[in-house]
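Here is how the chains run, residue by residue.
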Amino acid sequence: MRHSTDPLTALQALLERCRVRVSGRTDGSGFFVAPGYVLSCAHVAGGTAGARVRVEHGAAAYGATVLAAAPDESAADRSPYALYPYPDLALLEVDDPPVGHPCVWLDPESPSSGTKVTATGFTLDLGPRTAVLDTGGRTGPFGQALLELVAGEVNRGLSGGPVLSHRSGGVAAVVKATRQEDSAMGGYGVPVSALRLLDPVVYRRVLGAHDRFHAADDRWRSLADALAEGQRAGAGAERSADRAFLALLTELPADTSAELRAAFLRAAPPGTPEPDLPLLDRRDAYLELAARITPGGDRLTPELAYCADLVRSLPPQLPVARGLRDRLLIRAGETGRGEAARQRIDDGPRGATPAGAVGGTNGAGGAARPSVIGRVRHSLRDRTRYHVMVWQFRSAEEIVPAGAESGELTLPQALALLAELLPPQIEVVEALDGTERAALVELLLPHEALDEDYADWRLWPGLDWWTLGRKHQLVVRPLERHQEPRLHHAWRRRWERLDAQPLDRTLVCVCGRGRQHPRALDAAFNTDPGLTALALAGAPRGEALSRAFRVAVASGVPVMLWERGRDPRPLDRDVCATGCAAPGRGDCPDGRFLRAARKALTGTHRDALPDRVYDLRNEAELHEPEHAAAQDGPDGPDGPDRPDAPLGHRVVLLWDDPARQLPRTRLAPAATAQPTATAPPTTVEGPPSVPSPRTQEGLPR
């Protein structure tokens, strides 16, 4: 009597045919992931690209070369029982590999706790071994977490072997370490998604070969689909569709990392953070999106929305574009989303700005314009300590954090961390914007940090002539106003009034002297809603001007300009005894900066102001050779009092659009630990069942 083999048993047998023995830095295991390519651990094969290793498959031995591997950067300092540095993976290319060998299907979605898994490899003492275990929790920080393998024995020599998920039918991890030898305490596995931390060129080459193999060879996919379908109706069809899409995506030219992140964010549900691991190719973006929660109704799933955006961007005459469109419409039709797919292909994602168009209802600087917003704010109990956080502002309805808020830092440390976080987010926002204009960068800062030289920050190694203020549209914004809701009504009202006429007609001077003491300034702002843009006589740091600045912020003034590091000029002897008049009422005795600003901003609209100041900063740099030997001061040949002095040389723009507010969050309390220059690392406790660090790895198993 014949008995049909169930899909899981058949998959386990096929998994064993994919495994190999690896002898390199030590002895361990590996497995075929594509024709001629083996995946193993770096502590088994070695962490140096180009190293030669020995691979055994069946009764035959083959030479192989390490194509990419995680380096053992801390080998000299590690104790014999310390783990090899994450991700501890190596990709090998086999010389003259066996013809027709099978390959595993890699599943980048890590199995949930309690999932049954099969691990296989070669033990040192008993030869080939296959073990069934359970998945436990995760050990390690975000982006570097190891999968716990429990309720079974992980023998010496299994390192580098595959871990098959009984839920998905794919290989989800690579065996890394045993928790305790000769016991049923299990061990640890590295998720296969960590391959994205290896050499991007090798990664794309091997994973492209992997996807093409499984599109043409149905040995693995038929069993995995049957296994998935037996657990959930429709799961097999989903995985079959995934493989078909991935095979098509491998035929497209590579995208840059910024383009991949931007495409991911356009297709992802609103508020989706960026993945913990880098996106190296389109398969990563597709699979990350496929792992997101599927929207209900007839809305496209994130991965199908991503494919629709690709179809829309490709020349329609390309065969791969036609194939991708056909596959998309077929899959969308099967799930009741055919009309949504056709609409997205024809019209593009909602809220997207076509290349060359002006974003948002407010023109060049409107609320719909993407930007990077970096915030530095005080701790709750200690105002000498600060926390840093960065967002991608895609619209008023979609503001995505680039990561968690930092621990407490001193102000210099906070600014150093902010400088480190900005460049990768600027890349994404530039791709999201879809226009050729420079990216908008908004720095939300406490009063004491407003007058730093942000425009001169050099954030791109090897390009020391690139500065933040000349490469991008840089503005500062006052933190205090954003944290006080009582000030928002006046702020919105003045911002709306500022839309009525260009800046050169609304700009007035404030210096904080004479009749511009705080009570008088407050009265002027209370009675004149047309006071919407100020040219400060100097940086808001001295006592008089600092107090005047605070009154203007509290009164809702949304636009201010000043010259970084400048103090107001001393008043001439013939100034009347009352000193400066109320703003906007009479000439300013120290009005040369005001007149220069009005001239430079002639005809400039409120929303075009960041772009205009960006131009002024670059124009000032063109004048720099003419003034290279000049003295740096208000009275020198290069000072702001020269009739032809470039306004943008040290200009600071405070530009505070009330439509571009961040979600309100509680102030972070001051921590008790000593501050560090970067965000503090996540503390990871060892598994409670392990009384001592007995984990052994790097030794033959």
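Residues numbered from 1 in each chain as written. Predicted model: local features only at pLDDT ≥ 70, side-chain atom pairs only at ≥ 80, totals over all residues. Heavy atoms only, no water.

From N to C terminus, the protein includes 19 helices and 21 strands. Of all intrachain contacts in the protein linking residues separated by at least 6 positions in sequence, the fraction that spans at least 24 positions is 70%. (Helix = DSSP H or I, 4+ residues; strand = E, 2+ residues; numbered from the N terminus. Contact = heavy atoms within 4.5 Å.)

By size, the foremost hydrophobic cluster in this structure holds 94 residues, and its most contacted members are Leu92, Trp220 and Tyr306. The leading source of residues in this core is helix α8 (residues 302-313), at seven residues. Other than its neighbours up to four places away in sequence, Leu92 contacts Val22, Gly36, Tyr37, Val38, Ala45, Val53, Val55, Ala64, Thr65, Val66 and Leu67. Listed in part, the 48 residues of the second largest apolar core include Val372, Tyr454, Leu468 and Val476. (Core = buried A, V, L, I, M, F, W, Y, C linked by side-chain atoms within 4.5 Å. Buried < 20%, exposed > 50% of the residue type's maximum accessible area, 1.4 Å probe, protein only.)

A few words now on the pairing of strand β15 (residues 398-401). Sheet topology places strand β14 (residues 386-395) next to β15; four bridges connect them, and they run antiparallel. Counterpart to Phe393 in the pairing with β15 is Ile399. The hairpin formed by β14 and β15 contains two residues between the paired strands. (Pairing = 2+ DSSP bridges.)

Before going further, it helps to examine the environment of Asp607. Summarising the element assignment, Asp607 is placed in the loop between α18 (592-600) and α19 (609-623). Taking the C-alpha atoms as reference points, Asp607 and Asp657, 50 residues apart in sequence, are found 9.0 Å from one another. Here Arg606 takes part through its side chain, which lies 3.0 Å from a polar atom of the side chain of Asp607. (Polar contact = N/O pair within 3.5 Å; in protein donor to acceptor, adjacent residues only side chain to side chain.)

Glancing now at the side chain of Arg477. Among the structural elements, Arg477 can be located in strand β17 (residues 473-478). Among the polar contacts listed, one links the side chain of Arg477 to the backbone oxygen of Arg660, at a separation of 2.9 Å.

As a further point, take the packing of helix α16 (residues 518-527) against helix α17 (residues 543-554). Interaxial distance between α16 and α17 falls to 9 Å at its minimum, and their mutual angle equals 25°. Of the possible angle classes, the one that applies to α16 and α17 is roughly parallel. As α16 runs across α17, the sense of the crossing is right-handed. Here Pro518, Leu521, Asp522 and Phe525 of α16 come into contact with α17, specifically with Arg547, Ala548, Val551 and Ala552. (Axes fitted to C-alpha atoms, helices over the stretch in contact; angles between N-to-C directions. Parallel < 35°, antiparallel > 145°, perpendicular 65-115°, else oblique. Left-handed = near helix turned anticlockwise from the far one by under 90°.)

Turning to α19, a few remarks are in order. Here α19 is 15 residues long and its end C-alpha atoms lie 21 Å apart, about the 21 Å a rise of 1.5 Å per residue gives. All of the buried residues along α19 are Leu609, Pro610, Val613, Tyr614, Leu616, Arg617 and Ala620. On an axial view of α19, the arc spanned by its buried residues comes to 160°, and they lie on one face. (Expected span 1.5 Å × (residues − 1). Arc of directions from axis to C-beta.)

Read around the closed barrel, the six strands follow the order β1-β2-β3-β6-β5-β4; overall the barrel is antiparallel. Taken pair by pair, the neighbouring strands of this sheet meet at an average axis angle of 40°, ignoring direction. Sheet topology places strand β3 (residues 37-40) next to strand β6 (residues 90-94); four bridges connect them, and they run antiparallel. Following the sheet pairing, Leu39 is matched in β6 by Leu91. In the packing of helix α1 (residues 7-18) onto the sheet, the strands contacted are β1 (19-23), β2 (27-34) and β4 (52-57), and the crossing angle to β1 comes to about 30°. Strands β2, β3, β5 (60-69) and β6 of the sheet are contacted by helix α3 (residues 200-216), whose axis makes an angle of about 65° with β2.

Moving on: the environment of Gly648. Looking at the element boundaries, Gly648 is found in the loop between α19 and β21 (651-655). Residues Gly648 and Glu621, 27 residues apart in the sequence, show an inter-C-alpha distance of 8.3 Å. Every residue in contact with Gly648, bar those within four places of it in the chain, is listed here: Leu616, Arg617 and Ala620.

Read around the closed barrel, the six strands follow the order β7-β8-β9-β12-β11-β10; overall the barrel is antiparallel. If you compare each strand with its neighbour and ignore which way they point, the axes differ by 40° on average. In the sheet, strand β8 (residues 127-139) pairs with strand β9 (residues 146-150) via four bridges, with the strands oriented antiparallel. Paired with Thr139 across the two strands is Leu146, which belongs to β9. α1 rests against β7 (116-123), β8, β10 (162-165) and β11 (171-178) of the sheet, and its axis sits at about 165° to β10.

Where side chains of opposite charge bring their charged atoms close, a pairing between them can arise. Using the criterion set out here, one finds 31 salt bridges in the structure. Between Glu427 and Arg261 there is a salt bridge, and its shortest N-O distance comes to 4.0 Å. Pair noted here: Glu427 is in helix α11 (residues 411-433) and Arg261 is in helix α6 (residues 257-267), with a separation of 166 residues, a long-range link. Judged by relative accessible area, Glu427 falls into the partly exposed class, the value being 36%. Given the relative accessible area of 14%, Arg261 is considered buried. Of the charged contacts in the structure, one is a salt bridge between Arg606 and Asp499, with a shortest N-O distance of 3.8 Å. Pair noted here: Arg606 is in the loop between α18 and α19 and Asp499 is in the loop between α14 (488-498) and α15 (503-506), with a separation of 107 residues, a long-range link. Under the relative-accessibility criterion, Arg606 is labelled buried at 3%. (Salt bridge = Lys/Arg side-chain N within 4 Å of Asp/Glu carboxyl O.)

To continue, consider unusual backbone geometry. The peptide bond linking Tyr86 to Pro87 adopts the cis configuration, its omega dihedral lying at 10°. In this model, Asp88 sits at a positive phi of 55°, which is unusual for a non-glycine residue. Locating Asp88 in the fold gives a position in the loop between β5 and β6. Despite not being glycine, Asp96 shows a phi value in the positive range, around 45°. Relative to the assigned elements, Asp96 resides in the loop between β6 and β7.

Take the side chain of His166 next. Within the secondary structure, His166 sits in the loop between β10 and β11. Polar side-chain contacts of His166 include one of 2.7 Å to the side chain of Thr118. Other than its neighbours up to four places away in sequence, His166 contacts Leu8, Gln12, Thr115, Lys116, Val117, Thr118, Val132, Leu227 and Gln231.

It is worth spelling out the packing of aromatic side chains at this point. A full pass over the atoms with the stated rule returns five aromatic pairs. Note on Tyr454 and Trp457: the rings are 5.0 Å apart at their centroids and 75° apart in plane angle, and the pair reads as edge-to-face. Residue Tyr454 shares its accessibility class with Trp457, and that shared class is buried. Between Phe549 and Trp562, the aromatic rings sit 6.0 Å apart at their centres with planes inclined by 85°, giving edge-to-face as the arrangement. (Phe/Tyr/Trp six-rings, centres within 6.5 Å; stacked < 30°, edge-to-face > 60°.)

Here the focus is the confidence of the model for the protein. One rule of thumb: low pLDDT means the predicted coordinates there are not for detailed reading. Of all residues in the protein, 81% attain a pLDDT of 70 or more, and the chain-wide mean is 81. Across the protein, β3 holds the top mean pLDDT of 97, while β15 sits lowest at 81. Scored below 50 in pLDDT, residues 350-367 shows 33 contacts in the model against residues more than four places distant or in partner chains. (pLDDT = per-residue confidence, 0-100.)

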